[in-house]
Amino acid sequence: MLKCAVIGLGGLGKLHLNNLLSLKDDIQLVALCDVEKNKLKETANTNLGKQETNANLDSINFYTDAEEMFQKEEIDLAVIALPTYLHSKYAIMALEAGAHVFSEKPMARTSEQALQMIETANRCGKKLMIGQCLRFNDGCRMLKKYVENGELGKFVRAHFHRFSLVPVWGWDHWYEDFEKSGCAALDLHVHDVDLINWVFGLPEYVSSIATHRRTKFESISTRYFYKDGTHITADCDWSFGDSFGFRRGYFAVFENATLEMKENGEVKIHPIDGPTIDVPLSGANPYLEEMKELISAIKEDRPVRVLIPGSTKQTLDLALAEIKSAETGAIVHLS
């Protein structure tokens, strides 16, 4: 049994907490930490809907100071669901206290912070995994599968989109502070950036534009340029009103068909000749699957296989390159 602590009990913290409680054969929850004592009992908002925890956790030690928690508790795995600008600080604290670390996306606010996280994990001999959950999403795995196996013919181009309202529910309005969150460019768009990096690799260079009305970088649109001519675009915008909700998806054009992931997560193949084909999906919970992968890597004493820290740092570097391109009006090279 891995002794586990959760740091940060907002929406994603509660989501991870509920998943950890379901892994009773692998996880023993020993501590919870949040600066606000009443956070555990409150309902939290996310793009995925409201999150709450109904389990009786009175026997679990609760802390408002993570440093105190690590001094008093023996922790094998720390799950960090804090604002982006705090990821590196608390991941490094946990690693140096002897815990393996799962930290929410994006990896960090800066590339230098992400590198420090990797170097600390290596020095301490601990696992580090970042929650870029799309790598465990059925529809995203289907895209990678068809790009790699060629069953739909040669890949031609793809477009990704991700739209929502401004996440005004964040603690101390941190989402709306560009220096803390990177706003839509680094918090919401980073999902599609990671999918593009995972499936297609880093582009040669990017060209981006952005708007800054409701928040700085409330939207970003990017073209990704590859040496082999691969054509990819992605749009992200979180300036919509409450009634619009959360929408995301992609289409990928191949020689013989178009692969589409719809707003509800369904995946369809639209052949050039023939009727639409519904792609069967497993229905697996990507947030649960990513946690299972880390637990398996810890128990088997092996590297993580999907969310490799160096790869998720590449995703951060790619997103930061897009921000630089939008700020300067120039293309930014990755290689």
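Just above, that's the structure.
Keep in mind that this is a model prediction, so the values were computed, not measured. (Residues numbered from 1 in each chain as written. Predicted model: local features only at pLDDT ≥ 70, side-chain atom pairs only at ≥ 80, totals over all residues. Heavy atoms only, no water.)

*Asks:* Explanation requested: the packing of aromatic side chains in the structure shown.
*Replies:* Aromatic ring pairs are reported here in terms of the distance separating the ring centres and the angle at which the planes meet. The final tally for this structure, using the stated rule, is 8 aromatic pairs. Ring centres 5.6 Å apart and planes at 55° place the aromatic pair Phe163 and Phe240 in the tilted group. In this pair, Phe163 sits in strand S7 (residues 155-165) while Phe240 sits in strand S10 (residues 231-240), placing the two residues 77 residues apart along the sequence. Sitting over the ring of Phe178, Arg109 keeps its end group 4.9 Å from the ring centre. Its end group placed over the ring of Phe244, Arg247 keeps NZ or CZ at 3.7 Å from the ring centre. (Phe/Tyr/Trp six-rings, centres within 6.5 Å; stacked < 30°, edge-to-face > 60°. Helix = DSSP H or I, 4+ residues; strand = E, 2+ residues; numbered from the N terminus. Lys NZ or Arg CZ within 6 Å of the ring centre and 35° of its normal.)

*Asks:* Explain the sheet that holds strand S13 (residues 267-271) here, please?
*Replies:* Sheet strands line up and pair through hydrogen bonds in the backbone, either parallel or antiparallel. A sheet is described by the order of its strands in space; here 9 strands give the open sequence S14-S13-S12-S11-S7-S10-S9-S8-S15, paired in mixed fashion. Pairing within the sheet leaves two strands with one partner each, and these edge strands are strand S14 (277-278) and strand S15 (332-333). With 2 bridges connecting them, S13 and S14 associate as antiparallel partners. Looking at S14, one finds that Ile269 is bridged to Ile277. Along the sheet, helix H10 (residues 309-328) contacts strand S8 (205-211), strand S9 (219-225) and S15; its crossing angle with S8, the most-contacted strand, is approximately 60°. (Pairing = 2+ DSSP bridges. Contact = heavy atoms within 4.5 Å. Axes fitted to C-alpha atoms, helices over the stretch in contact; angles between N-to-C directions.)

*Asks:* Honestly, the pairing of strand S11 (residues 247-254) in this entry has me stumped. Any pointers?
*Replies:* Successive residues of a regular strand alternate their side chains across the two faces of the sheet. Direction of pairing for S7 relative to S11: antiparallel, over a ladder of 8 bridges. Looking across to S11, one finds that Phe163 is bridged to Arg247. Bridge analysis of S11 against strand S12 (residues 257-261) gives 4 bridges, and the strand direction is antiparallel. Within the sheet, the bridge partner assigned to Ala252 lies in S12 and is Leu259. Once S11 ends, the chain turns through 2 residues before running back antiparallel as S12.

*Asks:* Which parts of the structure should I look at to understand the sheet that holds strand S3 (residues 61-63)?
*Replies:* The strand order across the open sheet built from 6 strands is S3-S2-S1-S4-S5-S6, with neighbouring strands paired in parallel fashion. Bordering the open sheet on either side are S3 and strand S6 (128-131), each of which pairs with just one other strand. For this sheet, the mean inter-axis angle between neighbouring strands, taken without regard to orientation, is 20°. Each of strand S4 (77-80) and strand S5 (100-104) is contacted by helix H3 (residues 87-96), which is oriented at about 165° to S5, the strand it contacts most.

*Asks:* I would appreciate a short explanation of the pairing of strand S2 (residues 27-33) in the present structure.
*Replies:* Of all 7 residues that make up S2, 6 are buried, and the element is covered over most of its length. As paired strands, strand S1 (residues 2-7) and S2 are joined by 6 bridges and run parallel to one another. In the sheet register, Ile7 faces S2, and the bridge partner there is Cys33. With respect to chirality, the unit in which S1 leads through helix H1 (residues 11-21) into the neighbouring parallel S2 is right-handed. Across 3 bridges, S2 lies against S3 in parallel orientation. (Buried < 20%, exposed > 50% of the residue type's maximum accessible area, 1.4 Å probe, protein only. Right-handed = clockwise from strand over helix to strand, strands pointing away.)

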